[in-house]
Amino acid sequence: MSELILVKDLSKTYRMGDVEVPALRGVNLAIDRGEFVAVMGSSGSGKSTFMNIVGCLDRPTRGKYFLDGDEVGGLTADQWANIRNKRIGFVFQGFNLLARTTALENVELPMMYNGFGGKQSHARAVEVLGLVGLDKRLDHTPNQLSGGQQQRVAIARALVNRPSLILADEPTGNLDSVTSAEIMALFQKLNAEQGITIVLVTHEGDIAGYAERQIHFKDGLVVADHATRSRVSSAEF
Ligand SMILES: Nc1ncnc2c1ncn2[C@@H]1O[C@H](COP(=O)(O)OP(=O)(O)OP(=O)(O)O)[C@@H](O)[C@H]1O
Ligand SMILES: [Mg+2]
């Protein structure tokens, strides 16, 4: 099976007292290993709900989700935590870094959770911070970094455990257009050079244009799914 993500009839209904809020209404999708996908759609169309289920942060009400061939719906909370930590890197709009904690320490932390010792995690954290262009900012805390640099630290943190999948929910939502373009170029490079599958939510068409495929949600359904560009090869970087 070449799909990294396969969802079948995925539905999610939130219950608010007596009221049912349908957020996903039977989504069928396959995303292959190595794809770079932009998820688009108006506010409330179900994008974050979809990302939360794919990220093993929330359970569907109906339907199946296979990650790398494994049906993850029936797993325990501990097994989910393990999948999130080892196989998925998360990047958020608000960076979500620990304040008063250096870039290096922020990136080391997920490795420590995976049981790697100080020396190993230090070397790997330095390596990924270099990869995102922050080798000169290792000891800076978030408030000593620009927004774009903070997002690079967050991307380094997402990469440190060598995930096969990066999920990013509006990662450029808090950044100006020039910085957004730099962050998107970084995602493109990681996708092309390391083969990491990237699924990224955005409202902006020009941001989505960095991905090779766009999936549009409307009212909890996929209403369009098309290629945006041919693959960027690693030779272009
Ligand atoms: N925890 C929740 N409880 C109840 N309803 C929710 C919850 N989370 C989301 N919803 C509802 O589910 C629907 C889909 O929400 P979702 O957050 O997935 O939208 P979105 O596409 O990410 O929107 P946005 O672009 O504004 O981030 C919305 O109608 C929303 O109000
Ligand atoms: Mg959202």
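Whatever comes next refers back to the structure up there.
Presented here is an overview of the structure given in this document. (Residues numbered from 1 in each chain as written. Chains lettered and ligands numbered in written order. Predicted model: local features only at pLDDT ≥ 70, side-chain atom pairs only at ≥ 80, totals over all residues. Heavy atoms only, no water.)

On to the overall build of the protein. The helix and strand inventory of the protein stands at seven helices and ten strands. If you line up the protein on its principal axes, its C-alpha atoms span 50 × 40 × 40 Å. Across the protein, every contact between residues at least 6 apart in sequence was considered, and the portion connecting residues at least 24 apart equals 70%. For the protein, the accessible surface area stands at approximately 11,000 Å², while carbon and sulfur atoms represent 49% of it. (Helix = DSSP H or I, 4+ residues; strand = E, 2+ residues; numbered from the N terminus. Contact = heavy atoms within 4.5 Å. Areas by Shrake-Rupley, 256 points an atom, 1.4 Å probe, with all protein chains shown as cover.)

With that settled, consider the packing of helix 3 (residues 103-113) against helix 4 (residues 118-131). In contact at an axis separation of 9 Å, helix 3 and helix 4 are set at 125° when each is read in the N-to-C sense. The angle between the axes of helix 3 and helix 4 places the two elements in the oblique class. The interaxial crossing formed by helix 3 with helix 4 has right-handed handedness. Along its contact with helix 3, which presents Ala103, Leu104, Val107, Glu108, Met111 and Met112, the element helix 4 presents Gly118, Gln120, Ser121, His122, Arg124, Ala125, Val126, Val128 and Leu129. Its residues assigned to classes, the contact of helix 3 with helix 4 shows nine nonpolar, four polar and two charged. (Axes fitted to C-alpha atoms, helices over the stretch in contact; angles between N-to-C directions. Parallel < 35°, antiparallel > 145°, perpendicular 65-115°, else oblique. Left-handed = near helix turned anticlockwise from the far one by under 90°. Nonpolar A, V, L, I, M, F, W, Y, C, P; charged D, E, K, R; others polar.)

Now for the site of ligand 1. What surrounds ligand 1 is a group of 13 residues, the closest being Ser43, Gly44, Lys47, Ser48 and Thr49. In this structure, Lys47 approaches ligand 1 through a side-chain N or O atom, which is 2.7 Å from an oxygen atom. One of the side-chain nitrogen or oxygen atoms of Ser48 is found 2.9 Å away from an oxygen atom of ligand 1. Coverage of ligand 1 by the protein chains reaches 63% of its 640 Å² of free accessible surface. Residue assignment for the shell around ligand 1 shows that the elements contributing at least two residues are strand 1 (3-16), strand 2 (19-32) and helix 1 (47-54). (Near = heavy atom within 4 Å. Polar contact = N/O pair within 3.5 Å; in protein donor to acceptor, adjacent residues only side chain to side chain.)

What follows concerns the pattern of salt bridges. In the structure shown here, the tally under the stated rule is eleven salt bridges. For the salt bridge of Asp58 with Lys12, the shortest nitrogen-to-oxygen distance reads 3.2 Å. In this pair, Asp58 sits in the loop between helix 1 and strand 4 (62-67) while Lys12 sits in strand 1, placing the two residues 46 residues apart along the sequence. For Asp58, a relative accessible area of 22% puts it in the partly exposed group. Since its relative accessible area comes to 11%, Lys12 is described here as buried. Among the ionic pairs, Asp225 bridges to Arg213, the shortest N-O distance being 2.8 Å. (Salt bridge = Lys/Arg side-chain N within 4 Å of Asp/Glu carboxyl O. Buried < 20%, exposed > 50% of the residue type's maximum accessible area, 1.4 Å probe, protein only.)

Pairs of packed helices are described in terms of their axes, by the angle between the two and the distance that separates them. Their axes nearest at 10 Å, the elements helix 5 (residues 147-159) and helix 6 (residues 177-194) cross at an angle of 20°. With respect to helix 6, the axis of helix 5 lies roughly parallel. Considering how the two elements wind past one another, helix 5 and helix 6 form a crossing that is right-handed. Side by side, helix 5 and helix 6 meet where Gly148, Gln151, Arg152, Ile155 and Leu159 of the first sit next to Thr179, Glu182, Ile183, Leu186, Phe187 and Leu190 of the second.

Turning our attention to helix 5. A rise of 1.5 Å per residue sets the reference length of helix 5, with its 13 residues, at 18 Å; its end C-alpha atoms lie 18 Å apart and thus fit the reference within 8%. The complete set of buried residues in helix 5 reads Gly148, Gln150, Gln151, Arg152, Val153, Ala154, Ile155, Ala156, Arg157, Ala158 and Leu159. Of the surrounding secondary structure, the elements contacted by the buried residues of helix 5 are strand 6 (88-92), helix 3, helix 4, strand 7 (165-169) and helix 6. (Expected span 1.5 Å × (residues − 1).)

Evaluated as defined, the whole model comprises two aromatic pairs. On the basis of an interplanar angle of 45° and a centroid distance of 5.3 Å, the ring pair of Phe50 and Phe217 is categorised as tilted. Placement of Phe50 in helix 1 and of Phe217 in strand 9 (residues 213-218) is noted, with a sequence separation of 167 residues between them. Here Phe217 falls in the buried class, since its relative accessible area comes to 2%. Each ring, one from Phe90 and one from Phe92, has its centre 6.2 Å from the other, and the planes form 5°; the classification is stacked. Residue class for Phe90 comes out buried when judged on its relative accessible area of 17%. Over the face of the ring belonging to Trp80 we find Arg59, whose NZ or CZ atom lies 4.1 Å from the ring centre. (Phe/Tyr/Trp six-rings, centres within 6.5 Å; stacked < 30°, edge-to-face > 60°. Lys NZ or Arg CZ within 6 Å of the ring centre and 35° of its normal.)

In this section: the environment of Gly63. Along the chain, the position of Gly63 falls in strand 4. Spatially, the C-alpha atoms of Gly63 and Gly26 are 7.4 Å apart, while their sequence positions differ by 37 residues. With residues up to four places along the chain from it excluded, the contact list for Gly63 reads Lys8, Asp9 and Leu10.

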